[in-house]
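Results of the structural survey
Next come the chains, spelled out residue by residue.
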Amino acid sequence: VGPKLFRYVVKVTVQAVQLLYTMLKIEKPSYILLQNPPGLPAIAVAWVACLFWRSKLIIDWHNYGYTIMSLNHGKNHPLVQIAKWYEKLFGRLADYNLCVTNAMKDDLWVNCNIRAVTLYDKPASYFKEAPLELQHHLYMKLAKDYEPFKPRTEAVSLNAQRSAFTEMDEKNGHVIKTRGRPALLISSTSWTEDEDFSVLLKALEDYERYINEGAKLPSLVCVITGKGPLKDYYNGLINKLHFKHIQICTPWLEAEDYPLLLGSADLGVCLHRSSSGLDLPMKVVDMFGCCLPVCAIYFDCLHELVKHGENGLIFRDSNELAEQLKMLFLGFPTLEGKLHSFRKNLRASKQLRWDESWDQTVLPLLGQNE
């Protein structure tokens, strides 16, 4: 009850007390590692706990909390200005700072007088290309609940088990991709203000028009995964679309199925616009771990992850995305073309995995101060 500001102050105060109480009950740590955001009240509480324990505080900067707040309140709102001051102050009080891009490293130094080490997000080892047999089992599982994964036609053989994308001979367990299968496009989201999915929906309308005009493009299954506050709003927009050649579904996947779906897809789409312009989308990192080419919407430091024309494409609006989808899927599913070369480049890049990146970047940083 009460004014919004009052409720916010009470919430932060209660969270601070709860968090401090919990942290002071744990066994004394040598380091406390905190991801920011969310940093209010976590940074201040972790700093107090470090004073109590005589531990060292490491802040892992993935973005700025105040820039996320500004999406709702505007840059000049008093709460946003307080959050900005708060992050700068407690960032300087940390013993070590990690960040996810060189652009953020420079910004932290120039604007906050904070020295940071760049630790790029890397995919966990379970993000990898999925074998055809695993793809088939996933498609059959999803077909129970989602229409786009169900077969378009009956299986040729009575012994065959079929999805929209694959067919398995039950006698010998051999799996093949179905002829004339649709292309599988995937995007993941937390359905928040920093991702405008109307860009993708408009591009899909253009893609449908290209097919109607005679372009040799495959049907499309577009899967958008995740939960969040704007999901119902976008589902309402999706329900108003009437496509003949495109099916859209917005499932919530089990944790083990998400990496499998990325490893089975033909193309990923990222609509993440950084609120600060300084962080990188983790979903693209995971997609690259699965050697999945990506079309991603432009923002300033995206080039640190997506190399345009090498491992994916960068677009600025729905028209450009529609043209990219047309170019990538023309003549699908032949192995030639940009999609194939992007995937080939991703396989050849032999990216570091998360644990290897940590060992190379963070362990030396901590070891030199032991």
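One can find the structure itself at the top, above this paragraph.
Quick caveat, the model's predicted, so the values are computed rather than measured.

Following the criterion strictly, the structure yields 18 aromatic pairs and no others. Considering the side-chain rings of Tyr233 and Tyr234, the 5.0 Å spacing of their centres and the 75 degrees angle between planes classify their relative orientation as edge-to-face. What makes Tyr234 buried here is its relative accessible area of 7%. Ring centres 5.6 Å apart and planes at 85 degrees place the aromatic pair Phe329 and Phe332 in the edge-to-face group. Of the residues examined, Phe332 reaches a relative accessible area of 16% and is grouped as buried. Taken together, the ring pairs in this structure connect Trp191, Phe197, Tyr233 and Tyr234 into an aromatic cluster. Between Arg115 and the ring centre of Trp109, over which it is positioned, the NZ or CZ distance is 4.2 Å.

Glancing now at the state of the cysteines. As enumerated under the stated definition, the model contains zero disulfides in all. Note on Cys290: no disulfide assigned, nearest cysteine sulfur contributed by Cys291 at a separation of 7.7 Å. Its relative accessible area of 0% is what places Cys290 among the buried residues.

Rules and cut-offs
Residue positions are given per chain, counting from 1 as you read along its sequence in written order. With pLDDT at 70 or above as the cut-off, local features in this predicted model cover only qualifying residues; side-chain atom pairs require 80 or more to be listed or tallied, and sums for whole chains, interfaces and linings still use all residues. Computation of side-chain values covers all heavy atoms of the structure but excludes hydrogens and water. By convention, a stacked pair of Phe, Tyr or Trp rings (six-membered ring in the case of Trp) has centres within 6.5 Å and planes under 30 degrees apart, an edge-to-face pair has planes over 60 apart, and any other such pair is tilted. Throughout, exposure labels follow a simple rule: accessible area from a 1.4 Å probe, protein chains only, divided by the maximum for the residue type, with under 20% read as buried, over 50% as exposed, and the rest as partly exposed. Lysine NZ or arginine CZ positioned within 6 Å of the ring centre and within 35 degrees of the ring normal marks a charge as sitting over the ring. Only a pair of cysteine sulfur atoms within 2.5 Å counts as a disulfide in this structure description.

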